[in-house]
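Each chain is listed here by its residues.
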Amino acid sequence: MKSAGLYIHFPFCIKKCNYCDFLSFPVAVSDSFCMSSEELFASYIECMKNELLFRQKFLTDTKIQSIFFGGGTPSLIPPDMLTDLLTLIRRIFPVQSNAEITVECNPGTLSDDKLFAMYAAGITRLSIGLQTTQNDELSYIGRIHTYEQFLDNYHKARKTGFKNINIDLMSALPGQTVMSYQQSLQNVIDLKPEHISAYSLIIEDGTPFEKIYGEAADAHAASSLPGLPSEDDERLMYDLTGQLLGNSGYHRYEISNYARDGYECRHNIIYWTRKNYLGIGLGSASLIDRTRFSNIRDLKKYMSVWGTKNDDSDLLSGTENAERLTIKDEMEEFMFLGLRMTGGILEKDFTDAFGCPFTDVYGAVIEKHIRDKTLIYDNSRLKLTQKGLDVANYVMSDFILD
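Residues numbered from 1 in each chain as written. Predicted model: local features only at pLDDT ≥ 70, side-chain atom pairs only at ≥ 80, totals over all residues. Heavy atoms only, no water.

**Q** Sorry, what's going on with the overall build of the chain here?
**A** Looking only at helices and strands, the chain features 16 helices and 17 strands. Here the C-alpha radius of gyration of the chain, 22 Å, is about what a compact globule of 402 residues would show, namely 21 Å. Reported as C-alpha extents along the three principal axes, the dimensions of the chain are approximately 60 × 55 × 45 Å. Counting over 402 residues, the chain shows a buried share of 52%. (Helix = DSSP H or I, 4+ residues; strand = E, 2+ residues; numbered from the N terminus. Rg over C-alpha atoms; globule rule 2.2 N^0.38 Å. Buried < 20%, exposed > 50% of the residue type's maximum accessible area, 1.4 Å probe, protein only.)

In structure tokens:
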């Protein structure tokens, strides 16, 4: 029996953060539907149930090895609705007994009752979006919580029984210094989570931060927000991340992800190794065999399409951007996704997938980067060196085939 991952997208937040370009909406969007936020949540989840019943045809003879509730803020889902959704998933799919089931959480949205309900429903992993332990920095980036609220939620989760928790951290934030970032990093290490995701802030198009910190300097001058760290300080933060986490028992298994042994995120590894995954909910992406597709991104249209059960014979009903990947597409993705992982890529895996060793396709590129000391080829395994990890985007861009 094949295996796959299942992604469930819940796009609602209490408010959007200043840096966020994800497909998400503040709960105030419920006003445009002339209903309360809880009524909107219930309607949206019913839509996802209808979509699940329809798309189960994609995963016949397939076991679900991971389920990931992402967002948005899935920890806003009322406990009874979350339990009902998981009950349906387990009814229509064979879910592995040891499946990793993750819920993304924002501090300030967790209570004892909600955590107990998640635990009782079989949630095995929480991913908590802390970002920084400095309250002024949290305010600058538009988070709804304080560090104290995070600590309260974290300790409640531990008391409830959760033994697999990820904490998200961000560097290069407005007003952040090397010292304040080091303090945040150490504060998180001291909590001993099983997994830490450490990202550098990227100023994304269309976000409030893009208007403030983009090319128009006048916008920043008119704002009340502090400036961004210098490139040198950003580099020091990056180096501190690897150094402190490595010295504290966390191994870097992917460019931005660190874990204690045995706690690597199994769901994300499905993406990086190009295994099958099905996305349910607004705008979510799927890869089924060689077909990639995304769901409708317009919320009202999504709810109109899935507000009732769908008997369409077209399995791609309600999707956008469906494409059958070419061998070239697959080779490129195999290389630049696989190289994100510090364990790299086994030549045998490439040969099994495509019928030839990767040196036949990428020999000149690989030789170039070995000379540049950004790649190492050892025991039939190709992986980024430390220098390569530092310039990963540059290295991976060379694996795009003409």
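**Q** Is there a simple way to explain the packing of aromatic side chains in this structure?
**A** Geometry of an aromatic ring pair is reported as the spacing of the ring centres plus the angle between the planes. This structure, assessed with the given rule, holds 21 aromatic pairs. Between Phe 10 and Phe 41, the aromatic rings sit 5.1 Å apart at their centres with planes inclined by 70°, giving edge-to-face as the arrangement. Placement of the pair is Phe 10 in strand S1 (residues 2–10) and Phe 41 in helix H1 (residues 37–55), with a sequence separation of 31 residues. Taken as a pair, Phe 10 and Phe 41 share a single burial class, namely buried. Consider the rings of Tyr 362 and Phe 399, whose centres lie 5.0 Å apart with planes at 55°: the pair is tilted. Of the two residues, Tyr 362 is situated in helix H14 (residues 358–371) and Phe 399 in the segment after helix H16 (392–397); the sequence distance between them amounts to 37 residues. (Phe/Tyr/Trp six-rings, centres within 6.5 Å; stacked < 30°, edge-to-face > 60°.)

**Q** It is not clear to me how the layout of surface pockets should be interpreted in this structure. Could you clarify?
**A** By rolling a water-sized probe across the atoms, one finds the places where empty space is left. Its volume calculated, the second largest pocket comes out at about 490 Å³. Around the second largest pocket, the lining comprises 22 residues; the ones closest to its centre are Thr 273, Arg 274, Lys 275, Phe 334 and Ala 353. Every element with two or more residues in the lining of the second largest pocket is listed here: S1, helix H12 (327–338), strand S15 (345–346) and helix H13 (347–354). A breakdown of the residues in the lining of the second largest pocket according to their chemical character gives eight nonpolar, five polar and nine charged. (1 Å grid on protein atoms, 1.4 Å probe; cavity = no way out; pocket = protein on both sides within 12 Å on 5 of 7 lines; lining within 4 Å. Points joined across faces, edges and corners; volume = space filled by probe spheres on them. Nonpolar A, V, L, I, M, F, W, Y, C, P; charged D, E, K, R; others polar.)

**Q** Would you take a moment to explain the environment of Thr 109 for this structure?
**A** With respect to the secondary-structure elements, Thr 109 resides in the loop between strand S5 (95–105) and helix H3 (112–121). With 40 residues separating them in the primary sequence, Thr 109 and Gln 149 have C-alpha atoms 9.3 Å apart. Beyond its immediate chain neighbours, meaning those up to four positions away, Thr 109 contacts Ile 14, Thr 73, Ser 75, Leu 76, Lys 114, Ile 144 and Asn 153. For Thr 109, the side chain forms a polar contact with the main-chain oxygen of Asn 106, separated by 2.5 Å. (Contact = heavy atoms within 4.5 Å. Polar contact = N/O pair within 3.5 Å; in protein donor to acceptor, adjacent residues only side chain to side chain.)

**Q** Teacher, can you tell me more about H3 here?
**A** Along an α-helix, a turn takes 3.6 residues, which lines up residues three or four apart on a common side. Among all positions in H3, only Lys 114, Leu 115, Ala 117, Met 118 and Ala 121 are buried. An end-on view of H3 places all buried positions within 160° of arc, on one side of the element. For H3, the exposed residues lying more than 90 degrees away from the buried face are Asp 113, Phe 116 and Ala 120. Contacts from the buried residues of H3 go to helix H2 (79–92), S5, strand S6 (125–131) and helix H5 (147–160). A positive backbone phi angle near 100° is found at Gly 122, which sits one or two residues after H3. (Arc of directions from axis to C-beta.)

**Q** So what exactly am I meant to see when it comes to the nonpolar core here?
**A** Taken as a class, soluble globular proteins show a tendency for nonpolar side chains to be buried jointly. Ranked by internal contacts, the top residues of the largest apolar core, which has 76 residues, are Leu 6, Phe 69 and Leu 126. Discounting residues that sit within four places of it in the chain, Leu 126 has contacts with Val 103, Cys 105, Leu 115, Met 118, Ala 157, Phe 162, Asn 164, Ile 165 and Asn 166. Ranked by size, the runner-up nonpolar core spans 21 residues in total, among them Met 331, Phe 350, Phe 358 and Leu 384. (Core = buried A, V, L, I, M, F, W, Y, C linked by side-chain atoms within 4.5 Å.)

**Q** So what exactly am I meant to see when it comes to the packing of H12 against H13 here?
**A** A pair of packed helices is captured by two measures, namely the crossing angle of their axes and the spacing between those axes. In contact at an axis separation of 11 Å, H12 and H13 are set at 165° when each is read in the N-to-C sense. By the angle class used here, H12 and H13 are roughly antiparallel. Relative to H13, the crossing made by H12 is right-handed. On H13, the residues that touch Ile 327, Glu 330, Met 331, Phe 334 and Met 335 of H12 are Asp 349, Phe 350, Ala 353 and Phe 354. Taken together, the residues of the contact of H12 with H13 break down into seven nonpolar, no polar and two charged. (Axes fitted to C-alpha atoms, helices over the stretch in contact; angles between N-to-C directions. Parallel < 35°, antiparallel > 145°, perpendicular 65-115°, else oblique. Left-handed = near helix turned anticlockwise from the far one by under 90°.)

**Q** What exactly am I supposed to notice about a negative patch on the surface here?
**A** A cluster of acidic residues, Glu 38, Glu 39, Asp 80 and Asp 84, forms a negative patch on the protein surface. Within the residue set of the negative patch, elements represented by two or more residues are H1 and H2. Here Asp 80 is to be found in helix H2. (Patch = residues over 30% accessible without salt bridge, like charges linked within 9 Å, V, L, I, M, F, W, Y side chains within 5 Å. Areas by Shrake-Rupley, 256 points an atom, 1.4 Å probe, with all protein chains shown as cover. Salt bridge = Lys/Arg side-chain N within 4 Å of Asp/Glu carboxyl O. Lys, Arg positive; Asp, Glu negative; His and termini not counted. Charge placed at Lys NZ, Arg CZ, Asp CG, Glu CD.)

**Q** What is the right way to read the sheet that holds S15 from this model?
**A** Ordered in space as S15-S17-S16, the three strands form an open sheet in which the pairing is antiparallel. What marks the edges here is a single partner per strand, and that holds for S15 and strand S16 (375–378). Packing against the sheet, H14 makes contact with S15, S16 and strand S17 (381–384), and its axis sits at approximately 125° to S16. (Pairing = 2+ DSSP bridges.)

**Q** Any chance you could explain helix H9 (residues 231–247) here in plain terms?
**A** The terminal C-alpha atoms of H9, which comprises 17 residues, lie 24 Å apart, in line with the 24 Å expected from a rise of 1.5 Å per residue. Looking at H9, one finds that the buried residues are Met 237, Leu 240, Thr 241, Leu 244 and Leu 245. Considered in projection along H9, the buried side chains sweep an arc of 110° and stay on one side of the axis. Among the exposed residues of H9, those oriented more than 90 degrees off its buried face are Glu 231, Asp 232 and Asn 247. Once H9 finishes, Gly 249 follows within two positions and takes phi at roughly 90°, a positive value. (Expected span 1.5 Å × (residues − 1).)

**Q** Looking at this structure, I do not really get the pattern of salt bridges. What am I missing?
**A** If charged atoms from side chains of opposite charge come close, those side chains can pair. One pass over the structure, following the stated rule, counts 14 salt bridges. For Glu 254, the salt bridge is made with Arg 340, and the minimal N-O distance between the two is 2.5 Å. Within this pair, whereas Glu 254 is found in strand S9 (residues 251–254), its partner Arg 340 is found in the loop between H12 and S15, the two being separated by 86 residues in sequence. A residue is classified by how much of its surface remains accessible, and Glu 254, at 1% relative accessible area, is buried. Owing to a relative accessible area of 25%, Arg 340 belongs among the partly exposed residues under this scheme. The residue Arg 274 makes a salt bridge to Glu 333 at a minimum N-O spacing of 2.9 Å.

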